[in-house]
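Structural characterization, general
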Amino acid sequence: MIKIDTDNLPRHIAVIMDGNGRWAQKHTIGRIRGHRKGAHAVRTIVRACREIGIKYLTLFAFSVENWDRPPKEVQALMFLLEEYLRKELAELQEQEIRLTTIGDIDRLNPSVKEKLLHVKESTLKNDKMILNLALSYGAKDEIVYAVKKIMEDNKKGRIDIDELDKETFSKYLFTAGMPDPDLLIRTSGEYRISNFLLWQLAYTELYFTKVLWPDFKKDDLFKAIASYQKRERRFGLTSEQLKERNSQK
Ligand code: IPE
Ligand code: IPE
Ligand code: MG
């Protein structure tokens with residue numbers, strides 16, 4: 001098992017769970033079975049994050065672009081989501097995990113949406129970890145939506161344009177109130193962001209692995225965290241400045 005320093009954990013981990021289709025292809029089975037196996041990996045990783053004390057876990061489960069996949073695949077993904085919500089509620093409660101979402105959940109079919117609202121509502125008071133699912137999520141849409149809301153609020157006299165700064169802007173995003181991710185993991189050997197959290201990833205440490213999402217285990221998570229812990233997050237400063245600051249703490 002890879003060793004990690006539990007005193008220096010990322011507060012917020014975001015994951016682009018990619019490679020279910022290629023995993024299925026590798027095992028000469030249908031893509032949908034790949035997604036099912038991917039759902040198992042979600043359970044493993046949620047459990048592992050909760051166990052080590054990660055406070056926020058954001059999982060990219062379905063993008064706005066994914067709506068254009070073959071209807072059968074979209075349907076299967078919705079079914080798996082519904083199944084996940086149904087089966088997982090008890091464990092989320094037991095583990096005191098709160099479920100939240102980002103994205104346009106109004107586009108989900110009514111029965112999935114209803115289950116989602118139920119799980120969100122039921123877990124509202126849980127505070128050990130936030131499991132944040134990105135569903136029908138697109139970062140550019142999120143930013144445009146934020147701008148529209150700001151313009152509306154401006155018209156209503158609720159916000160003065162001179163007051164608008166990056167902190168205020170953040171409050172108009174789906175992720176309002178959440179810290180930005182410290183670590184982003186993308187599986188399956190793709191090196192892109194795919195319209196995920198464009199604003200929030202400004203200073204996130206990026207970690208890419210060739211492991212396909214259905215194969216991603218606790219040990220792979222630990223590898224990603226260990227890599228994160230070896231890095232120096234400078235936020236534009238020099239290494240010397242950071243050392244000086246740390247010694248003053
Ligand atoms: C990720 O796996 C799951 C979703 C995007 C819903 P993919 O289905 O994208 O798998 P690949 O990229 O085709 O292997
Ligand atoms: C990103 O994966 C979206 C999710 C993991 C849900 P995709 O497989 O859709 O991304 P691209 O199309 O390869 O960039
Ligand atoms: Mg993919």
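Presented here is an overview of the structure given in this document.

Reading guide: rules and limits
Residues numbered from 1 in each chain as written. Chains lettered and ligands numbered in written order. Predicted model: local features only at pLDDT ≥ 70, side-chain atom pairs only at ≥ 80, totals over all residues. Heavy atoms only, no water. Core = buried A, V, L, I, M, F, W, Y, C linked by side-chain atoms within 4.5 Å. Buried < 20%, exposed > 50% of the residue type's maximum accessible area, 1.4 Å probe, protein only. Helix = DSSP H or I, 4+ residues; strand = E, 2+ residues; numbered from the N terminus. Contact = heavy atoms within 4.5 Å. Near = heavy atom within 4 Å. Polar contact = N/O pair within 3.5 Å; in protein donor to acceptor, adjacent residues only side chain to side chain. Areas by Shrake-Rupley, 256 points an atom, 1.4 Å probe, with all protein chains shown as cover. Nonpolar A, V, L, I, M, F, W, Y, C, P; charged D, E, K, R; others polar. Axes fitted to C-alpha atoms, helices over the stretch in contact; angles between N-to-C directions. Parallel < 35°, antiparallel > 145°, perpendicular 65-115°, else oblique. Left-handed = near helix turned anticlockwise from the far one by under 90°.

**Some words on the nonpolar core**
Most often, soluble globular proteins keep nonpolar side chains buried together rather than apart. Of all hydrophobic cores here, the largest spans 47 residues; its most connected members are L57, L131 and L221. Sorting elements by how many residues they give to this core places helix α3 (residues 71–94) first, with 8 residues. When sequence neighbours within four positions are dropped, the list of residues in contact with L131 reads V46, L57, L59, Y84, L92, I97, R98, L99 and T100. Judged by nonpolar contacts, the second largest core, of 11 residues, contains I16, A134, F196 and L197.

**Details of the site of ligand 1**
As a structural note, the neighbourhood of ligand 1 is formed by M17, D18, G19, N20, G21, R22, R31, H35, A61, N66, R69 and L77. Measuring from an oxygen atom of ligand 1, one finds a side-chain N or O atom of D18 at 2.9 Å. Notes on ligand 1: free accessible area 380 Å², of which the protein chains cover 86%. Looking at the shell around ligand 1, the elements that each hand over two or more residues are α1 (20–26) and α2 (31–52). Element by element, the count of residues in the shell around ligand 1 is highest for α1, at 3 residues.

**Points about the site of ligand 2**
Near ligand 2 you find I16, M17, D18, F60, A61, F62, N66, R69, R186, R192 and S194, and these make up its full shell. Here an oxygen atom of ligand 2 sits 3.3 Å away from a polar atom, N or O, in the side chain of R186. Contact between ligand 2 and S194: an oxygen atom at 2.6 Å from a side-chain N or O atom of the residue. At 3 residues, strand β2 (residues 56–63) tops the list of elements feeding residues into the shell around ligand 2. Here the residues of the shell around ligand 2 sort into 5 nonpolar, 2 polar and 4 charged.

**Quick look at the packing of α2 against helix α7 (residues 218–229)**
Geometrically, a packed helix pair is captured by the angle between its two axes and the distance between the axes. Following both chains from N to C, one finds α2 and α7 inclined at 55 degrees, their axes separated by 9 Å at the closest point. By the angle class used here, α2 and α7 are oblique. Of the two elements, α2 crosses α7, and the hand of that crossing is right-handed. Taking contact as the criterion, the partners of T44, I45, A48, C49, E51 and I52 in α2 are, on α7, K218, L221, F222 and I225.

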